[in-house]
Amino acid sequence: MELVIQILMLFIIVNVIMKLSFWKWWQTLSFALISAVFVLVSCSYAILQSKAQLSDYMNNTAVMQDAAVLITIESVLCFAFCFAALRSADTNKEKVWQKALKWYPGLLLFPVLFYILTQTVFAMPGTDFTVISYILAGAVLVLLPLLSIGVRYMYPERELRLEVYFLVSLFVCIIGLITTVNGNVIYAPAEEPVNIRAVVISLVLFLLLFLTGMLWSRLKWKLISKKQIIK
């Protein structure tokens, strides 16, 4: 289970970096500075933790379920930003709630940084805790802006970055739900034969809706481009 949670943390970091790629450089630098200050402030709490205590938290179903709720809420905000960004691209106007979604960086990064700090302390016994916190804070201050610039360089098209950001947010949501299971099954599934007819109908319906949406999207963009040409 700890491996799944660590994978989840990795996707959370990637998700935040993807979101920062939509910001201006000074905004990204400001958030990186806030994150670095958080690492320095939380050092006094991180040194009080133990491996057994953190392992108990990760294996506690109730704690993981509460965390999954927060992860799901944040994923919904990420999805809402993607759709709002696409909508504002058509209208060239941003409402207040759309701007709020844009400037929400992802607060799940802070518990992830706290976990990384504790693991770094465990991995470097005998090293001064203050030195460890300053090294990690410096790495956060430098890497967050650089990685966001790297993402912008890899995906220069804003629409493509939105698609990747949406997929990463979806992975975060799915893995967050997986962590709530923790090996416990409350209700045993009923054994029923596979309904081939229902499966075929579902696949055909999905295919029809997918093709309809794709054709409608292409037709819509053609109409929009024709209007722009006429203007």
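Description of the structure in this document.

Rules behind the numbers
Residues numbered from 1 in each chain as written. Predicted model: local features only at pLDDT ≥ 70, side-chain atom pairs only at ≥ 80, totals over all residues. Heavy atoms only, no water. Helix = DSSP H or I, 4+ residues; strand = E, 2+ residues; numbered from the N terminus. Contact = heavy atoms within 4.5 Å. Areas by Shrake-Rupley, 256 points an atom, 1.4 Å probe, with all protein chains shown as cover. Axes fitted to C-alpha atoms, helices over the stretch in contact; angles between N-to-C directions. Parallel < 35°, antiparallel > 145°, perpendicular 65-115°, else oblique. Left-handed = near helix turned anticlockwise from the far one by under 90°. Nonpolar A, V, L, I, M, F, W, Y, C, P; charged D, E, K, R; others polar. Patch = residues over 30% accessible without salt bridge, like charges linked within 9 Å, V, L, I, M, F, W, Y side chains within 5 Å. Salt bridge = Lys/Arg side-chain N within 4 Å of Asp/Glu carboxyl O. Buried < 20%, exposed > 50% of the residue type's maximum accessible area, 1.4 Å probe, protein only.

1. A closer look at the overall build of the protein chain
If you tally the helices and strands in the protein chain, you get 10 helices and zero strands. If you list the helices and strands of the protein chain from N to C, you get α-α-α-α-α-α-α-α-α-α. Look at the contacts in the protein chain between residues 6 or more apart in sequence, and 84% of them connect residues 24 or more apart. With an accessible surface of roughly 15,200 Å², the protein chain has 72% of that area assigned to carbon and sulfur atoms.

2. A look at the packing of helix α1 (residues 2-20) against helix α7 (residues 109-123)
Across the interface, α1 lies against α7 with an axial gap of 10 Å and an inter-helix angle of 125 degrees. In terms of orientation, α1 and α7 fall into the oblique class. The handedness of the crossing between α1 and α7 comes out as left-handed. Contacts between α1 and α7 pair Gln6, Met9, Ile12, Ile13 and Val16 from the former with Leu109, Val112, Tyr115 and Ile116 from the latter. Of the residues that constitute the contact of α1 with α7, the class distribution is eight nonpolar, one polar and no charged.

3. Quick notes on a nonpolar patch on the surface
On the surface, Phe206, Leu207, Phe210, Leu211, Met214 and Leu215 cluster together to form a nonpolar patch covering roughly 600 Å² of accessible area. Here methionine 214 shows up in helix α10 (residues 196-230). Overall, methionine 214 belongs to the partly exposed group, its relative accessible area being 31%.

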